[in-house]
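Each chain is listed here by its residues.
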Amino acid sequence: MSILLLLVIYLIFISLGLPDSLIGSSWPAIYQSLNVSSSLQGFLTLIISLCTIISSFASSKLVSTFKQKGVVIISICLTVIGLICISYSSKFVYLCLSAIPLGFGAGAIDSTLNNYVAINYKAIHLNFLHAFWGIGAGISPFIVGIFLTNLNGWRNGALCLAIIQSFILLISICSIKLWDKAEIIFSKREKDEDEEINAVNFGFIKTFRIKGVIFALIAFFCYMAVEQTAAMWFSTMLVNNFEVSVKIANNWNGLFYLGILSGRIISGFISLKVDDKNMIRLGESILLIGIILMTLRFNLYIMPASLFIIGFGCGPIYPSIIHSTPTRFTKTYSQSVMSIQVSCAYIANITISPLFGVIGKYTTYLLLPYLLLLFFIIMSACNEVVNIKVKDKTKLVNN
C-alpha cells in the first residue's frame, strides 16, 4: 500500500509543477488580450508567491487539523478553482483574484508532502519526486502552447490544465484509503524500530527556539537565492555583456534545468549509499566548480557548461536538505520546521532574484557569479553549523 501511495504522490508532484509555468509562458498573450502593461506580470507573480508563503507557514497547523490527505485534497481543489477562474478572467483584477487560490493551493501541499515523504520514504524518492515536479513544469508550456493559436488561446490552455488537475484531484480523493492503510504500515514500522513519534505543531515563533533552525533557514534561503538568480539572469548577462543572441542565450539557459533534472535523477541512486549530509556536501562541491568556471569567464563556451554544472550541483541539495529535516530536527518537530523552510524558499524567490535585476540594470550583470559565490559561502557555512547544533537531539529546544 505504501508503494501504491507513493505512485499517487509522484503524480501529485507532476501536478504541482503544471501551474507553475502557466503565467510566464502565456503572459505575452495574456497582457495583450487583457490590454494591460507587460510589466504587471511581476505583480501577479508576487500575489501567487505571497499566498504560497502564507499557506506554507500555516501548513503545520493545517496538517494537525486535516491530516496530510486532507491538506492534499484541499490544496489541489484550490488549484483547480484558481485555474478555472484564470481561464474566465476578463479583466486583470479578476486574474489577480484568481491567483489567490492558486497560491494558497501550492504552499501547503508542497510543505506537507515534502515532510511526509522525508519521514516515511528513502532519500531516492525525494530526489525523483522533485525531478517529477520539473516534468510538470516543463510540459505545461507545451500543453498551453497547443491552444495559443490566437490571443485568447491561453484561456483554453488554463482550462485544459484545470481539467488535468481535476483528474489528479479525483485520483487523490480515491486514494484516501491508501493514506489510512499506509499510516498503519508506517506506525507498525515505527513500533518495530522502537521509535515513537509525537508530532508537535510548535507554532511559528516557537519553532525558532529549536537549535540550528535559524542556520538551516538561512542555508535554505541562500540555496534558493543561488538557484533562482542563476536561472533568471544568466541569459540576460549573456545578451547584455557578451553580445550573445537572445535565441542562443535562451537555449543555453535550458541547460540549467537539464542539469538540475539529471542531477536529481543521478543523486537519487547515489543517495542509496550516501547519507543526506554528505549528499549536500557533494552537491555543494559540484556547485562551487560551476560558479568558479562562470567567474573566470576565460572562454564564452565555458559559460553554458558552467551553468549546467551549477544546475547539476543544485540537483541533490534541495531534496537532501528536505529529506534531512526529520533527521536533523527529529520527526517530532519536522513539520513545523519544514513549513518555515519551504516558506523561505518562496521568500528568496521574490526578494533576491528581483533585487539582482535592479543591481544588474544599474551596474553590470557580470556581478552574477560573484553574488552566487557569496550566497554559496553563506549556505555552506550554515549547513555545517546546523550539523554541529543538532548533534545532541535531547537538547534541541531552547528553554
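Scroll up to find the structure this text is about.
Orientation of helix 9 (residues 213-241) relative to helix 12 (residues 302-362), taken along the N-to-C sense of each, is 160 degrees, at an axis distance of 4 Å. On the basis of the axis angle, helix 9 is roughly antiparallel to helix 12. For the crossing formed where helix 9 meets helix 12, the hand is left-handed. Considered class by class, the residues forming the contact of helix 9 with helix 12 number 34 nonpolar, seven polar and two charged.

Turning our attention to the packing of helix 4 (residues 92-120) against helix 12. For the pair helix 4 and helix 12, the least separation of the axes is 9 Å and the interaxial angle reads 155 degrees. The angle between helix 4 and helix 12 places the two elements in the roughly antiparallel class. Classified by chirality, the crossing of helix 12 by helix 4 is right-handed. Of helix 12, the residues touching helix 4 (which contributes Asp110, Ser111, Thr112, Asn114, Asn115, Val117, Ala118 and Ile119) are Tyr318, Ile322, His323, Pro326, Lys331, Ser334, Gln335, Met338, Ser339, Val342 and Tyr346. Taken together, the residues of the contact of helix 4 with helix 12 break down into nine nonpolar, eight polar and two charged.

For helix 5 (residues 123-147), built from 25 residues, the straight-helix expectation of 36 Å at 1.5 Å per residue is met to within 8% by its first-to-last C-alpha distance of 38 Å. Residue Ile139 marks the point of greatest curvature in helix 5, where the axis turns by about 25 degrees; the proline Pro141 follows within four residues.

As a further point, take helix 9. Spanning 29 residues, helix 9 covers 39 Å between terminal C-alpha atoms, matching the ideal 42 Å at 1.5 Å per step. Of all the bends found along helix 9, the most pronounced is centred on Trp233 and spans about 40 degrees. Remark: Glu243 follows helix 9 within two positions and exhibits a positive phi of approximately 55 degrees.

This part takes up a nonpolar patch on the surface. On the surface, a cluster of nonpolar side chains totalling about 670 Å² of accessible area is made up of Phe204, Ile205, Phe208, Ile214, Phe215, Ile218, Leu374 and Ile378. For the nonpolar patch, the elements supplying multiple residues, two or more each, are helix 8 (204-207), helix 9 and helix 13 (368-389). Ranked by the residues each element gives to the nonpolar patch, the list is headed by helix 9, at three residues. Mapped onto the fold, Leu374 is located in helix 13. Residue class for Leu374 comes out partly exposed when judged on its relative accessible area of 45%.

Moving on to unusual backbone geometry. Phi angles above zero are rare outside glycine, and Glu243 is one such case at about 55 degrees. Mapped onto the fold, Glu243 is located in the loop between helix 9 and helix 10 (246-270). Unlike most non-glycine residues, Thr330 shows phi in positive territory, near 70 degrees. In this structure, Thr330 sits in helix 12. The buried category is assigned to Thr330, whose relative accessible area is 19%.

Conventions we followed
Residues numbered from 1 in each chain as written. Predicted model: local features only at pLDDT ≥ 70, side-chain atom pairs only at ≥ 80, totals over all residues. Heavy atoms only, no water. Axes fitted to C-alpha atoms, helices over the stretch in contact; angles between N-to-C directions. Helix = DSSP H or I, 4+ residues; strand = E, 2+ residues; numbered from the N terminus. Parallel < 35°, antiparallel > 145°, perpendicular 65-115°, else oblique. Left-handed = near helix turned anticlockwise from the far one by under 90°. Nonpolar A, V, L, I, M, F, W, Y, C, P; charged D, E, K, R; others polar. Contact = heavy atoms within 4.5 Å. Expected span 1.5 Å × (residues − 1). Bend = angle between axes of the 7 residues up to and from the residue. Patch = residues over 30% accessible without salt bridge, like charges linked within 9 Å, V, L, I, M, F, W, Y side chains within 5 Å. Areas by Shrake-Rupley, 256 points an atom, 1.4 Å probe, with all protein chains shown as cover. Salt bridge = Lys/Arg side-chain N within 4 Å of Asp/Glu carboxyl O. Buried < 20%, exposed > 50% of the residue type's maximum accessible area, 1.4 Å probe, protein only.

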